[in-house]
Amino acid sequence: MPRPRTIVFSLCLAALLYATVVAGIDTERTIAAVGRLDGRWWLLILALSLINYALRFVRWHGYLRWLGNRIHPGRHVLIYIAGFALTTTPGKAGEGMRSIYLARLGVPYPHSLAAFFAERFLDLLTIAMLSMLVLIAFSGYVLWVIAPLAVLAGLLVAIRQRRLLEAMKRRYATPETRVARLMHGLVSAWDQAFALLGDRPLYVGLALGLVAWAAEGVSVYVIAHGLGLELAVETAIGIYAVSMLVGALSFVPGGLGGTEAVMALLLKLSGAGGALAIAITLIARIATLWFAVLLGLIAMLGLEIDRRRHPESAPISSEGKR
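This write-up is about the structure you can find in this document. (Residues numbered from 1 in each chain as written. Predicted model: local features only at pLDDT ≥ 70, side-chain atom pairs only at ≥ 80, totals over all residues. Heavy atoms only, no water.)

Some points on the packing of aromatic side chains
- Scanning the model with the defined rule gives five aromatic pairs in all.
- For the pair Tyr53 and Phe291, a centre-to-centre distance of 6.1 Å together with 40° between the ring planes defines the contact as tilted. Of this pair, Tyr53 sits in helix α3 (residues 39-66) while Phe291 is found in helix α13 (residues 274-309), placing the two residues 238 residues apart along the sequence.
- Overall, Tyr53 belongs to the buried group, its relative accessible area being 6%.
- Given a relative accessible area of 16%, Phe291 falls into the buried group.
- Ring centres of Tyr80 and Phe84 lie 5.4 Å apart, and the angle between their planes is 75°; on these two criteria the pair is classed as edge-to-face. As far as burial versus exposure is concerned, Tyr80 and Phe84 are alike and both buried.
- Cluster of aromatic residues (ring-pair linked, three or more members): Tyr53, Phe57, Trp60, Tyr80, Phe84 and Phe291.
- Against the face of Tyr80 rests Arg98, its NZ or CZ located 3.9 Å from the ring centre. (Phe/Tyr/Trp six-rings, centres within 6.5 Å; stacked < 30°, edge-to-face > 60°. Helix = DSSP H or I, 4+ residues; strand = E, 2+ residues; numbered from the N terminus. Buried < 20%, exposed > 50% of the residue type's maximum accessible area, 1.4 Å probe, protein only. Lys NZ or Arg CZ within 6 Å of the ring centre and 35° of its normal.)

Structure below.
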């Protein structure tokens, strides 16, 4: 299990960041705006977040089945959600701790790391695709949207080339320097994930990712509507996606700072006042990022309690790789 101080540090960092942001504007008006969102809207935006998590779990579960692993969905969903406890790590790398729990169920580390590699890459690609919706309202941001999407699309084409993969495996077969060891690890993950980037798992994964992340984008629309800001649903999805893309590419834990700044800026350009833009941003992040972290902590605690009660329990069988 990850060290508690790692989780506590990320929570304290976020609290400090948000306190600093709110202190820099009209605090009273921001808090008042947050307080205007009644319970029914909160239920709806949390439900949209749950839809996001559910669809991403279906994709993740499907990846491991595609690699030949058979895991009971009930236990597997807890392991998947537990990974959210470390969402606030650079590039969400902490979510790779799922591999530790899955290994106890007989899932080889290369399989779970391959699923993690494919999931992270497709999340970036789907968010970049959804970011194009922001161009409907902000045509001046074409470069900021098209450039990352073009890079990711080119990278997708490249990583689906078996000949290139084999060349990179030979190049870093015996790593000697730190950079070479890093590249060896990346190429190994790429090799394991290659089966998940074929046509069928790729297209299904993209479809699930688009719906999942669009659901969280819709939550921005719901929050804005609940607080009296007129905002088109496609614009709201685009604003959310661009904000997430900037946060992901920054490699700052959880995208903290970058995601909030971009979201608040685009909301202000959409007609929201400073306090209202910050309020929408804070609510959106609480209902998406921090709701996920909370669920992750609960799931992680449940898994650890179960592990201590049944330390000798037999792992669920895992059939070999396809």
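A short note on α3
- An ideal rise of 1.5 Å per residue puts 40 Å on 28 residues; α3 measures up with 40 Å between its terminal C-alpha atoms.
- Directly beyond the C-terminal end of α3, a positive phi value near 100° is found at Gly68. (Expected span 1.5 Å × (residues − 1).)

Remarks on the packing of α3 against helix α4 (residues 73-82)
- At a minimum axis distance of 10 Å, the contact between α3 and α4 shows a crossing angle of 115°. By the angle class used here, α3 and α4 are roughly perpendicular. Once α3 is placed against α4, the crossing between them reads as right-handed. Taken together, the residues of α4 that come into contact with α3 (itself represented by Tyr53, Arg56, Phe57, Trp60, His61 and Leu64) are Pro73, His76, Val77 and Tyr80.
- Partitioning the contact of α3 with α4 into residue classes produces seven nonpolar, two polar and one charged. (Axes fitted to C-alpha atoms, helices over the stretch in contact; angles between N-to-C directions. Parallel < 35°, antiparallel > 145°, perpendicular 65-115°, else oblique. Left-handed = near helix turned anticlockwise from the far one by under 90°. Contact = heavy atoms within 4.5 Å. Nonpolar A, V, L, I, M, F, W, Y, C, P; charged D, E, K, R; others polar.)

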